[in-house]
Amino acid sequence: MPTKTNRSVEAVSIKIENLHKSYGDTKVLHGVSFDVEPGQIFSLMGPSGSGKSVMLRQLIALEKPDEGSVLIDGLDAQDPKTRDAIRTALVFQSGALMNSMTVYDNLALYHREHRSLSERDIKAKIQSVTEALSIEAALKKIPAELSGGMRKRVAVARAIIMEPRLILYDEPTSELDPILAATTSELIATVCKETGATSLVVTHDRQLALGISNRVGLLLSGHLEFIGTPDEMRSSDDERVQEFLNPKLDLENPRFRKKENAL
Ligand SMILES: Nc1ncnc2c1ncn2[C@@H]1O[C@H](COP(=O)(O)OP(=O)(O)OP(=O)(O)O)[C@@H](O)[C@H]1O
Ligand SMILES: [Mg+2]
C-alpha cells in the first residue's frame, strides 16, 4: 500500500481495568483488565458468547460498565469529550455502510459532516485511499451491489480516511473465504503499519489474531483466561487455551449423537 496517503497519526494507549458488566441476572464480564500500547495491534479472541462484543460496547461507551474503567490515552472513555479528542474508527462486521448513497459518498461522509476538507481535497483523499485498497471500481456503486470482501475493504477505507488514532475491528474476517480472510488480515496489519493507529481486533479467527497481533487475549465466559504474545499463546500449557486453539471434533460427544425418536 502506498505511504503517500496516510499521514502518521499520534497513536493512543488503551487501559482497561477490572471491567464488570451484567444484564439483569446475567453476568457477562467478570473483571476484565488489559492494556494496549500505542501503535500496536491487540486481538481479543474468544468463543461465541464469551463477551467480546459486550467488551467492545464498553470501550466505545455505547454502554456503561457496572464497575471498572476504560482509559483511552488516559482519558475516560465514558466522557463525551474523549470521543472528540480521540478519532476512533469502528469497522463493523457488516461494514455498516449506507446503501442510500454511492461508495464515493460513503467515503466522503466523514469529512463533509465535519466540514474539515474542501470537496477537492476530499476527492484527492478518496482517490489515494481507493487506489491503495484497489477499490476504484466500486466508487460509483452502492454498497449493496458489492461482494462481501469488497464491502469489507470499503469499510476499511471509510475508517482510514478519517485518519483515526484508534481503529476497532469487530470480526473483520467473518463470512469471508479463506483467501479473502488472509488478505483482510494483511490489510489490517498494513493499515496499522502505515497509519500508526492503535488497533484492537475482536475476533474468533485464530489465524488472523495469531498472524498479525503484537499481543492477544483470550476471553472465556467473561474472564480473560490468557494474555500474551502470539508465540506465548501457541506454547501456553493452559489446557483451555490449547482447546480453543486446537478444537477436536468428537463425534461421540453427546452434543452430536442422534437423538432417539428424532425425525
Ligand atoms: N443487551 C444484552 N442483554 C442481555 N444479555 C446480553 C446482552 N448483550 C449480550 N448479552 C449476553 O452476553 C453474552 C456475551 O455476548 P457477546 O455478544 O459479547 O458475545 P461475543 O463473544 O461477541 O459472541 P460472538 O462471537 O457470537 O459475536 C451472551 O451470553 C449474550 O447473550
Ligand atoms: Mg460478537
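Just so it is clear, the model here is predicted, and its values are computed rather than measured.

1. Here we look at the packing of helix α5 (residues 148–161) against helix α6 (residues 178–195)
Packing of α5 against α6 leaves a shortest axis separation of 11 Å and a crossing angle of 10°. Looking at the two axes, α5 sits roughly parallel to α6. Two secondary-structure elements touch here, α5 through Gly149, Arg153, Val156 and Ile160 and α6 through Leu180, Leu187 and Val191. Residues of the contact of α5 with α6, tallied by class, amount to five nonpolar, one polar and one charged.

2. Remarks on the packing of aromatic side chains
Counted according to the given criterion, the structure contains one aromatic pair. Ring centres of Phe34 and Phe42 lie 4.6 Å apart, and the angle between their planes is 5°; this geometry places the pair in the stacked category. By relative accessible area, which is 3% here, Phe34 ends up buried. Given a relative accessible area of 1%, Phe42 falls into the buried group.

3. Thoughts on empty space enclosed by the protein
Scanning the entire structure with this criterion turns up one cavity of 30 Å³ or more. There is about 30 Å³ of room inside the largest cavity. Forming the walls of the largest cavity are Asp35, Val36, Glu37, Gln40, Ile41, Phe42 and Arg215. The class makeup of the residues in the lining of the largest cavity is three nonpolar, one polar and three charged.

4. Here we look at the side chain of Ser174
Mapped onto the elements, Ser174 comes out in the loop between β7 (166–170) and α6. Relative accessible area serves as the criterion here: at 15%, Ser174 is assigned to the buried category. Among the polar contacts made by the side chain of Ser174, one reaches the main-chain carbonyl oxygen of Glu171 at a distance of 3.1 Å.

5. Points about the nonpolar core
Judged by nonpolar contacts, the single largest core of 37 residues is most densely connected at Leu107, Ile126, Leu133, Val154, Ile167 and Tyr169. When contributions to this core are tallied by element, the ones reaching two or more residues are β6 (88–91), α3 (103–113), α4 (119–133), α5, β7, α6 and α7 (206–212). Here the element with the most residues in this core is α5; it accounts for eight residues. Inspection of this core shows a minimum of three residues originating in each of domain 1 (1–87 + 167–263) and domain 2 (97–162). In terms of nonpolar packing, the next biggest core, distinct from the first, is built from 26 residues, Val28, Phe42, Val70 and Leu166 among them.

6. Re the domain arrangement of the chain
When the parts of a complex come together, some accessible area is lost, and that lost area is often used as the size of the interface. Domain annotation for the chain reports domain 1 (1–87 + 167–263) and domain 2 (97–162). Each of domain 1 and domain 2 has a C-alpha centre, and the two are 26 Å apart. Across the contact, 16 residues belong to domain 1 and 13 residues belong to domain 2. The contact between domain 1 and domain 2 buries some 1200 Å² in all, and 73% of this surface belongs to carbon and sulfur atoms. Inspection of the domain 1/domain 2 interface yields zero salt bridges. Joining domain 1 to domain 2, the criterion identifies three residue pairs in polar contact (both at pLDDT 80 or more). Contributing elements (two or more residues each) for the side of domain 1 that touches domain 2: β7 and α6. The leading source of residues in the side of domain 1 that touches domain 2 is α6, at three residues. Residues of the side of domain 1 that touches domain 2, tallied by class, amount to nine nonpolar, four polar and three charged.

7. Considering the sheet that holds strand β5 (residues 75–76)
Spatial strand order, β2-β1-β4-β5: four strands in an open sheet with antiparallel pairing. Edge positions in the open sheet fall to β2 (26–36) and β5, since each of these has one partner strand only. Pairing of strand β1 (residues 14–23) with β2, which is carried by eight bridges, proceeds in the antiparallel orientation. Paired with Ile16 across the strands is Phe34, a residue of β2. Sitting on the sheet, helix α1 (residues 52–59) is in contact with β1, β2 and β4 (67–72), with an inclination near 115° to β1.

Basis of the calculations
- Residues numbered from 1 in each chain as written.
- Chains lettered and ligands numbered in written order.
- Predicted model: local features only at pLDDT ≥ 70, side-chain atom pairs only at ≥ 80, totals over all residues.
- Heavy atoms only, no water.
- Axes fitted to C-alpha atoms, helices over the stretch in contact; angles between N-to-C directions.
- Helix = DSSP H or I, 4+ residues; strand = E, 2+ residues; numbered from the N terminus.
- Parallel < 35°, antiparallel > 145°, perpendicular 65-115°, else oblique.
- Contact = heavy atoms within 4.5 Å.
- Nonpolar A, V, L, I, M, F, W, Y, C, P; charged D, E, K, R; others polar.
- Phe/Tyr/Trp six-rings, centres within 6.5 Å; stacked < 30°, edge-to-face > 60°.
- Buried < 20%, exposed > 50% of the residue type's maximum accessible area, 1.4 Å probe, protein only.
- 1 Å grid on protein atoms, 1.4 Å probe; cavity = no way out; pocket = protein on both sides within 12 Å on 5 of 7 lines; lining within 4 Å.
- Points joined across faces, edges and corners; volume = space filled by probe spheres on them.
- Polar contact = N/O pair within 3.5 Å; in protein donor to acceptor, adjacent residues only side chain to side chain.
- Core = buried A, V, L, I, M, F, W, Y, C linked by side-chain atoms within 4.5 Å.
- Domains from an automatic or database assignment.
- Buried area = accessible area lost by both parts, 1.4 Å probe.
- Salt bridge = Lys/Arg side-chain N within 4 Å of Asp/Glu carboxyl O.
- Pairing = 2+ DSSP bridges.

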